[in-house]
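Here is what each chain is made of, one letter per residue.
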Amino acid sequence: MNYQEILEHARDCIGPYCKACPVCNGRACKNQIPGPGAKGVGDTAVRNYDKWQEIRINMDTLCENRVPDTTLSIFGQTFRYPFFAGPVGAVNLHYGEKYNDLTYNDIMLKACVENGIAAFTGDGTNPDVVRLAAEGIAQVKGQGIPTIKPWNLETIREKMELCRKSGCFAMAMDVDAAGLPFLKNMTPPAGSKSVEQLAQIVKLAEVPFIVKGIMTVKGALKAKEAGAAAIVVSNHGGRVLDQCPASAEVLAQIADALHGSGMKILVDGGIRSGTDIFKALALGADGVLICRPFVTALYGGGAEGVSVYIEKLAGELTDTMSMCGAGSLHEISRDMIHR
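**Focus: helix α9 (residues 247–258)**
Taking 1.5 Å per residue as the helical rise, α9 with its twelve residues ought to reach 16 Å, and the 16 Å between its terminal C-alpha atoms agrees with that figure. Of all the positions in α9, only Ser247, Ala248, Val250, Leu251, Ala252, Ile254, Ala255 and Leu258 are classed as buried. For α9, the elements touching its buried residues are α2 (43–54), β8 (209–214), α8 (217–225), β9 (230–233), β10 (264–267) and α10 (274–282).

**Digging into the pairing of β9**
The two faces of β9 match: Ala230 and Val232 on one face and Ile231 and Val233 on the other face are all buried. With α8 bridging β8 and the parallel β9, this β-α-β connection has right-handed handedness. Judged from the four bridges that link them, β9 and β10 form a sheet pairing that is parallel. By the bridge assignment, isoleucine 231 is partnered in β10 with isoleucine 265. Remark: the β9/α9/β10 crossover connection has right-handed handedness.

**Overview of the packing of helix α4 (residues 101–114) against helix α11 (residues 292–324)**
Closest axis-to-axis distance for the α4/α11 pair is 9 Å, and the angle between their directions is 20 degrees. Judged on the interaxial angle alone, α11 and α4 are roughly parallel. Crossing hand, α4 versus α11: left-handed. On α11, the residues that touch Tyr104, Ile107, Met108, Ala111 and Cys112 of α4 are Phe294, Val295, Leu298, Tyr299, Gly302, Ala303, Val306 and Ile310.

**What to know about the pattern of salt bridges**
Here the idea is simple: oppositely charged side chains can pair when their charged atoms come close. Counted according to the given criterion, the structure contains 16 salt bridges. Across the salt bridge formed by glutamate 154 and arginine 157, the nearest N and O atoms sit 3.7 Å from each other. Separated by three residues within a single helix, glutamate 154 and arginine 157 lie in helix α6 (residues 153–165), roughly one turn from each other. Residue glutamate 154 is classed as partly exposed on the basis of its relative accessible area of 44%. Beyond isolated ion pairs, a larger network of salt bridges with shared partners links Asp128, Arg131 and Glu135.

What counts as what
- Residues numbered from 1 in each chain as written.
- Predicted model: local features only at pLDDT ≥ 70, side-chain atom pairs only at ≥ 80, totals over all residues.
- Heavy atoms only, no water.
- Helix = DSSP H or I, 4+ residues; strand = E, 2+ residues; numbered from the N terminus.
- Expected span 1.5 Å × (residues − 1).
- Buried < 20%, exposed > 50% of the residue type's maximum accessible area, 1.4 Å probe, protein only.
- Contact = heavy atoms within 4.5 Å.
- Right-handed = clockwise from strand over helix to strand, strands pointing away.
- Pairing = 2+ DSSP bridges.
- Axes fitted to C-alpha atoms, helices over the stretch in contact; angles between N-to-C directions.
- Parallel < 35°, antiparallel > 145°, perpendicular 65-115°, else oblique.
- Left-handed = near helix turned anticlockwise from the far one by under 90°.
- Salt bridge = Lys/Arg side-chain N within 4 Å of Asp/Glu carboxyl O.

As structure tokens, this is what we get:
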């Protein structure tokens, strides 16, 4: 099975919202939720993709001929590649009936581990979403990262307890999900968190905690103050607020502000190829998250589809590193890209 065949198969079963486009650029689905689109017109999702394409690669083959080392060490774990499958929850609602949260997580988590990376898992209004995610992570001996939405503290406490039992090596919270309409109906209401509230949540995790949804230097420094081990530079895939800058536009300044702090920096939003991954690392990220194309890969080919997509990304990243003279991830530098 090749990637084109995966896309063709996905179009038959992925539901009415996602179109399994040849290029997942946010255009076909941009103004609809449920699905992979947005609560507004979706211009931020489109911008996320476009801004990575505006960054070009500085080719330099006058260098030692080496096989690039793509391994990433983070939170005491070593991965074959510097990318992760992003979190997805309530898959029936967003992507059709072929899979549910149990079967989706079972396939995604195992396929990622077998191919040398890890998957983030998602959350939803149904408590079973996190429960099933935690069970799936336990099945792969903790090699997954549960992502909890910014509920009220009591709900967070209950969900974190489930996640701790999974043996997960880290936890995350997508604080940018505060913009999702369904969070506003909680009693007490869920949503944005103060630094003090976030610090409480970080302590509850008892494992390295990742704050997903940082788009400013100010926000990054707040996450640092709260004790987070890492951030994800992210605008929730462009789904929660129109007229935002792309993650590619703010990554470098956030990375510069956190330089030497010890915090890890991940990024997502419109990253679709190994070449895009290279660009993100050159701008200062330690690794990246990719979400929607992983969904398409699973729906179109199950575990094999996920494996094919990982191999595609890995091949593109390795080739780009070779053509720029980067023998390891640490050797990828800002002068290897053109902005």
